[in-house]
Amino acid sequence: MGLINLETLLKDPTNQDIQDLTVEYLLKANEIKPYDVNALKALAKYYTLIDDALQLDRVNLLLNQLTVK
């Protein structure tokens, strides 16, 4: 659901209802699987869209740790 809402939000970034649902579902997915790369990438895209540099840095740091081999 988070990815579907994220796609909708990308088309209409000013829609606060969709923004609220998007972050709710993405955070829930991250809570269930905190090291899932796809969920983290979706969160990074969301934080980029809403311009939340602090959270984006946190997610990118974790992504870098998970994807560096």
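Report on the accompanying structure. (Residues numbered from 1 in each chain as written. Predicted model: local features only at pLDDT ≥ 70, side-chain atom pairs only at ≥ 80, totals over all residues. Heavy atoms only, no water.)

**A short note on a nonpolar patch on the surface**
Move 1: A contiguous nonpolar surface patch, about 390 Å² in accessible area, is contributed by M1, I4, L21 and Y25.
Move 2: For Y25, the position within the fold is in helix α2 (residues 16–32). (Patch = residues over 30% accessible without salt bridge, like charges linked within 9 Å, V, L, I, M, F, W, Y side chains within 5 Å. Areas by Shrake-Rupley, 256 points an atom, 1.4 Å probe, with all protein chains shown as cover. Salt bridge = Lys/Arg side-chain N within 4 Å of Asp/Glu carboxyl O. Helix = DSSP H or I, 4+ residues; strand = E, 2+ residues; numbered from the N terminus.)

**Topic: the nonpolar core**
Move 1: Counting 15 residues, the largest nonpolar core has Y46, Y47 and V59 as its most contacted members.
Move 2: Broken down by secondary-structure element, the contributors of at least two residues to this core are α1 (2–11), α2, α3 (37–50) and α4 (53–67).
Move 3: Setting aside residues up to four positions removed in sequence, V59 forms contacts with L40, L43, A44 and Y47. (Core = buried A, V, L, I, M, F, W, Y, C linked by side-chain atoms within 4.5 Å. Buried < 20%, exposed > 50% of the residue type's maximum accessible area, 1.4 Å probe, protein only. Contact = heavy atoms within 4.5 Å.)

**Remarks on α3**
Move 1: Helix length check: α3, at 14 residues, gives a terminal C-alpha distance of 20 Å against a target of 20 Å (1.5 Å per residue), a fit within 8%.
Move 2: Along α3, the positions that sit buried rather than exposed are A39, L40, A42, L43, A44, Y46 and Y47.
Move 3: D51, located one to two residues past α3, shows a positive phi value of around 60 degrees. (Expected span 1.5 Å × (residues − 1).)

**Overview of α4**
Move 1: With 15 residues, α4 ought to run about 21 Å at 1.5 Å a step, and its terminal C-alpha atoms sit 20 Å apart, in line with that.
Move 2: Of all the residues in α4, the buried ones are L56, V59, L62 and L63. Along the axis of α4, the buried positions cluster into a sector of 135 degrees, meaning they face one direction only. Pointing more than 90 degrees away from the buried face of α4 are the exposed residues L54, D57, L61 and Q65.
Move 3: Looking at the buried positions of α4, the neighbouring elements they touch are α3. (Arc of directions from axis to C-beta.)

**Thoughts on the environment of L27**
Move 1: Position of L27 relative to the elements: it lies in helix α2.
Move 2: Since its relative accessible area comes to 36%, L27 is described here as partly exposed.
Move 3: A C-alpha to C-alpha distance of 8.5 Å links L27 and G2, two positions 25 residues apart in sequence.
Move 4: In this structure, L27 is in contact with L43 and Y47, ignoring residues within four places of it in sequence.

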